[in-house]
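Structure assessment
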Amino acid sequence: MKHLTDPMDLSMEELEDLFKLAKNIINNQEDYRSVCSGKILATLFYEPSTRTRFSFEAAMQRLGGQVIGFSEPGSSSVTKGESIPDTIRTVGSYADLIVMRHPKEGAPKYASYHSLVPIVNAGDGGHQHPTQTLTDLLTIKEIKGEISNLTIGLCGDLKFGRTVHSLIKAISRYENIKVILISPKELQIPEYIKKEILIKNNIPFLEVETLEEVIDSLDVLYMTRVQKERFFNEADYIRLKDSYILDNEKLKLAKSDLSILHPLPRVNEISPEVDNDPRACYFKQVKYGMFIRMALIARLLEVA
Amino acid sequence: MKHLTDPMDLSMEELEDLFKLAKNIINNQEDYRSVCSGKILATLFYEPSTRTRFSFEAAMQRLGGQVIGFSEPGSSSVTKGESIPDTIRTVGSYADLIVMRHPKEGAPKYASYHSLVPIVNAGDGGHQHPTQTLTDLLTIKEIKGEISNLTIGLCGDLKFGRTVHSLIKAISRYENIKVILISPKELQIPEYIKKEILIKNNIPFLEVETLEEVIDSLDVLYMTRVQKERFFNEADYIRLKDSYILDNEKLKLAKSDLSILHPLPRVNEISPEVDNDPRACYFKQVKYGMFIRMALIARLLEVA
Amino acid sequence: MKHLTDPMDLSMEELEDLFKLAKNIINNQEDYRSVCSGKILATLFYEPSTRTRFSFEAAMQRLGGQVIGFSEPGSSSVTKGESIPDTIRTVGSYADLIVMRHPKEGAPKYASYHSLVPIVNAGDGGHQHPTQTLTDLLTIKEIKGEISNLTIGLCGDLKFGRTVHSLIKAISRYENIKVILISPKELQIPEYIKKEILIKNNIPFLEVETLEEVIDSLDVLYMTRVQKERFFNEADYIRLKDSYILDNEKLKLAKSDLSILHPLPRVNEISPEVDNDPRACYFKQVKYGMFIRMALIARLLEVA
């Protein structure tokens, strides 16, 4: 592993290794406090994403490293008129690792072809966001003990949700996974995901329109936002919108060991009252996001 | 003490303890150089304030800690559509301490209800700016030896000046303080400050319209800006504006041990010629601002 | 040396000392990894320049120091209504060294008059950019062994190019230098550079309009951009533009030990195919830029 631009680039062995390292970091934080001492991470955010940037920066700092970067293209002259290869070679002269967020699909991959230092894709348009997928997998693994033998519900906008597509691809590599897809008709999962991922990998799956009808069968519920603008007509929106809002009422139907995940930020799709339920795992997920990034940085810099 | 959102939240004992720690840091900077090693401060500036941000960041770094943050809402996606509690819980997963500047009154207090890590208010609209008040108090204490037994003049816009209101509340808790309020009629101190703070605490005070008539009696002169737009008419502005500009001519009337403070930035209310007068303390005040923030961070993180 | 605002402020001895220190840092990076521990650099960028800012920040971090700063005036309140002396004295209370980029000529020099900490000019309008000149000189010295006894070609916009003017002044202090000026007539070097620098210092020079006619005689070729807008008429532009684009075809005529430099960013004046030629030194130059800044910071802070 030299770069990380697509979560599927990682073999199952590399994934397991990262999860193991993340767990070791969680349990022995002091041991890793200066493994990146003298190293520099560059965060090149061609579009703003504060939480992802913070997560990477805190991860690097908690390993003893330092950070340079820009948080939006406006404040950066490198974004005007310079080719990505030139920017990458320049920044790679200052930094030991580059984390790149870019509105154009494939920009981080293109950057990796010209880079002497490792490149991590921190989101490229609607395409990939591999460290979010790693975060989701680590959270499931740490809370459930394993990623296998689970019924996983994915709820909300399954059509445009980059995070959901990547997660389905990732979990389809594990044993005995069942997938339940909960969304309005307009926002159902794309056909190619069903054919090329679920069916091809023999993953049993079910498509439903409401959370209530399936919540009792779930081990993991992955919530995402449903944007009003994505509905075809107001009537459908009014009829369905409450079906995609998780609240204590709906949770009464769920298993006592359900784990609720969300990539955040949320708008109103999880009621704040749920935050106090022990099944709510989305803030733990934030923390796991930082730890998996620590593991990834440590591996890419070959310091752990 | 877990958070600092209002300077009056601190008891006199907590204040004294902070001043003592600040003094110890000033005298033994080497001893504190790595007490925050491995800790992260997040600076969430929902409105820009470069000098306050720099002061906190330098304070954290001089204690050996590191910093993540944003300096204005534009470059931050967390400011769009996410609730403050969600942002705070997310950022609190990465950082050990959060410093928050927000245009809305009460935002830092509201944040503190939902935070697992300490919150420091770095200014919330026209409301509070507690570390400025701590800075003012430490400066007076260090230069005068004590905050008691002083005649303190406050000059300029006393009506809208947040800094001045907080300072009056703070000094009204000390012994034998006299307050002289110097401002145009339009910009006099609000009635509630007089009734609920000065009169209630038996603080003798005097309201005057010009600096010249009282400058000879002052031990401390706290200058603030008078904005032209705040005057009711041009004639009053022209008649009075020079009364609120401190220059060497007016300083001839003052005591030889007067201490001149200013929260900065200044526009023209202190003539640059005054900067070389030994009574000018406003740049020392900037330095004390960093030291009191070092003390505050160290206490909140329980590392000193 | 207390500040660096103009590259010509440095004596030949100070230059040699900096080059020697830079070389020592390159060869013994571990020895310098914490010489700036506990020190803070402030980067005040009143206009954005990401690569220059990154270079300084990485330099400081690779010496073990930390950084505060702003990357553009918009996010900074210090840029509104506060005088440069006040800003400098405030920031100098937090930081040990200030790097300043400003659109106005002379702003860093003016700042240095009021500063208690060293000021480094990181570019002031079309005027000076001394660390670029130091970078160019170190690159020549490290690659050629010495800055003397060389034929140096400067190609592109020689009329408005700040970098080129500074470099000519700098190399005119060395022994046995020949200068070849390659530019369209409209963008020839200003008369005062010819009279006051080249002729006065007895530097042989030649002015030509095309790269092809002289490239075989060069030891160093310093490329800069030619902007279409700078031409007087379209016909001239079309006739000449290819003469200022370096490609493998033109390089066939050049010496085998030619060194190609460019201050970057480039647009199209060096074809990407040239990047793989061993004579291309502009990415090495980026790295030397970081090392000379490390040397400069270490000297100004008196830690090496």
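Residues numbered from 1 in each chain as written. Chains lettered and ligands numbered in written order. Predicted model: local features only at pLDDT ≥ 70, side-chain atom pairs only at ≥ 80, totals over all residues. Heavy atoms only, no water.

Convention followed: UniProt positions are given in the numbering used here, feature names are shortened, and annotations may be inferred rather than shown by experiment.
The name recorded for chain A in an unreviewed UniProt entry is Aspartate carbamoyltransferase, from Wansuia hejianensis. What the UniProt record of chain A gives under Function (unreviewed entry) is the line "Catalyzes the condensation of carbamoyl phosphate and aspartate to form carbamoyl aspartate and inorganic phosphate, the committed step in the de novo pyrimidine nucleotide biosynthesis pathway." As recorded by UniProt, the Pathway (unreviewed entry) comment attached to chain A reads in full: "Pyrimidine metabolism; UMP biosynthesis via de novo pathway; (S)-dihydroorotate from bicarbonate: step 2/3."

**A few points about the UniProt feature "binding site: L-aspartate" (unreviewed entry) in chain A**
All names here are of chain A. So the rule is basically this: Secondary structure elements are taken from DSSP: a helix is a run of H or I of four residues or more, a strand is a run of E of two residues or more, and numbering for both begins at the N terminus. Contacts described as polar in this section are N or O atom pairs within 3.5 Å, which, within protein, must combine one atom able to donate a hydrogen with one able to accept it, while residues neighboring in sequence count only if both atoms come from side chains. Classification of residues uses two cut-offs on accessible area relative to the type maximum, computed with a 1.4 Å probe and protein chains only: under 20% is buried, over 50% is exposed, and between them is partly exposed. A contact between two residues is defined here by any heavy atoms of the two lying within 4.5 Å.
Residues given the UniProt feature "binding site: L-aspartate" (unreviewed entry) here are K80, R162 and R225. Positionally, R162 belongs in helix α6 (residues 162-171). Of the polar contacts made by the side chain of R162, one reaches the backbone oxygen of G125; its length is 2.5 Å. On the secondary structure map, R225 appears in the loop between β8 (220-223) and α8 (234-240). Note on R225: relative accessible area 35%, which makes it partly exposed. Every residue in contact with R225, bar those within four places of it in the chain, is listed here: G156, D157, H262, P265, V267 and E269.

**Considerations on the relation of the copies chain B and chain C**
Under the convention used in this document: The superposition of copies rests on a least-squares fit of C-alpha positions from residues with pLDDT of 70 or more in both.
Expressed as a screw transformation, the operator carrying chain B onto chain C has a rotation angle of 120 degrees and an axial translation of 0.0 Å, and the superposed copies differ by an RMSD of 0.0 Å. On this basis, the relationship between the two copies can be described by a three-fold rotation axis. Of all interface residues in chain B, a mere 8% are interface residues in chain C too; the two copies therefore contact each other through different surfaces.

**Describing the side chain of Q132 of chain C**
Mapped onto the secondary structure, Q132 of chain C falls in helix α5 (residues 130-144). Setting aside anything within four residues of it in sequence, one finds Q132 of chain C in contact with T163, Y222, P263, Q285 and R293 of chain C.

**A look at the sheet that holds strand β4 (residues 119-124) of chain B**
This is how it is decided: The criterion for strand pairing is that DSSP finds at least two bridges linking the strands in question. Note on method: axes are straight lines fitted to C-alpha atoms, helices fitted across the in-contact stretch only, with angles between N-to-C directions ranging 0 to 180 degrees.
Spatially, β2-β1-β3-β4 (chain B) is the arrangement adopted by the 4 strands of the open sheet, whose pairing is parallel. Strand pairing shows two members of the sheet lacking a second neighbour, β2 (66-70) and β4 of chain B, which therefore form its edges. Shown here is a sheet whose adjacent strand axes are inclined to one another by a mean of 15 degrees, direction ignored. Where strand β1 (residues 40-45) of chain B and strand β3 (residues 97-102) of chain B come together, 5 bridges link them in parallel fashion. Bridge pairing links T43 of chain B to V99 of chain B in β3 of chain B. On the sheet, helix α2 (residues 50-62) of chain A packs against β1 and β2 of chain B and is oriented at approximately 175 degrees with respect to β2 of chain B.

**Let's talk about the relation of the copies chain A and chain C**
Between the two copies, chain A and chain C, the superposition gives an RMSD of 0.0 Å; the rotation angle is 120 degrees and the shift along the axis is 0.0 Å. Here only 8% of the interface residues in chain A have copies in chain C that are interface residues too; the copies meet through unlike faces.

**Structural notes on the environment of S271 of chain C**
Residue and element names in this part refer to chain C. Mapping S271 onto the fold places it in the loop between β9 (259-261) and α10 (282-300). Here the alpha-carbon distance between S271 and N248, two residues 23 residues apart in the chain, equals 8.0 Å. Those residues in contact with S271, other than ones at most four positions away along the chain, are L246, D247 and R266.

**Considering the pattern of salt bridges**
Cut-off, in case you're wondering: Salt bridge, as used here, is a side-chain nitrogen of Lys or Arg placed within 4 Å of a carboxyl oxygen of Asp or Glu.
Under the counting rule described, the total for this entry stands at 57 salt bridges over all chains. A salt bridge links D219 of chain A to K255 of chain A, with the nearest nitrogen and oxygen atoms 2.9 Å apart. Of this pair, D219 of chain A sits in the loop between β7 (205-208) and β8 while K255 of chain A is found in the loop between α9 (248-251) and β9 (259-261), placing the two residues 36 residues apart along the sequence. Its relative accessible area of 12% is what places D219 of chain A among the buried residues. A salt bridge links D96 of chain C to R62 of chain B, with the shortest nitrogen-to-oxygen separation between them at 3.0 Å. Here the residue D96 of chain C occupies a position in the loop between α3 (84-94) and β3 (97-102), and R62 of chain B occupies one in helix α2 (residues 50-62), the pair thus bridging two chains.

**Description of the interface of chain A and chain C**
Quick note on the threshold: Summed over both partners, buried area is the accessible surface (1.4 Å probe) that two parts give up on being assembled. Only Asp, Glu, Lys and Arg are considered charged in this grouping, and only Ala, Val, Leu, Ile, Met, Phe, Trp, Tyr, Cys and Pro are considered nonpolar; every other residue, Gly among them, is considered polar.
With 26 residues of chain A at the interface, the matching set in chain C holds 24 residues. Together, the buried faces of chain A and chain C total about 2,200 Å²; carbon and sulfur atoms form 48% of this surface. D275 of chain C is the salt-bridge partner of R89 of chain A, the closest N and O atoms lying 3.3 Å from each other. In this structure, the connection of chain A to chain C is made through 12 residue pairs in polar contact (both at pLDDT 80 or more). Looking at the side of chain A that touches chain C, the elements that each hand over two or more residues are β1 (40-45), β2 (66-70) and α3 (84-94) of chain A. It is α3 of chain A that contributes the most residues to the side of chain A that touches chain C, 7 residues altogether. Here the residues of the side of chain A that touches chain C sort into 9 nonpolar, 12 polar and 5 charged.

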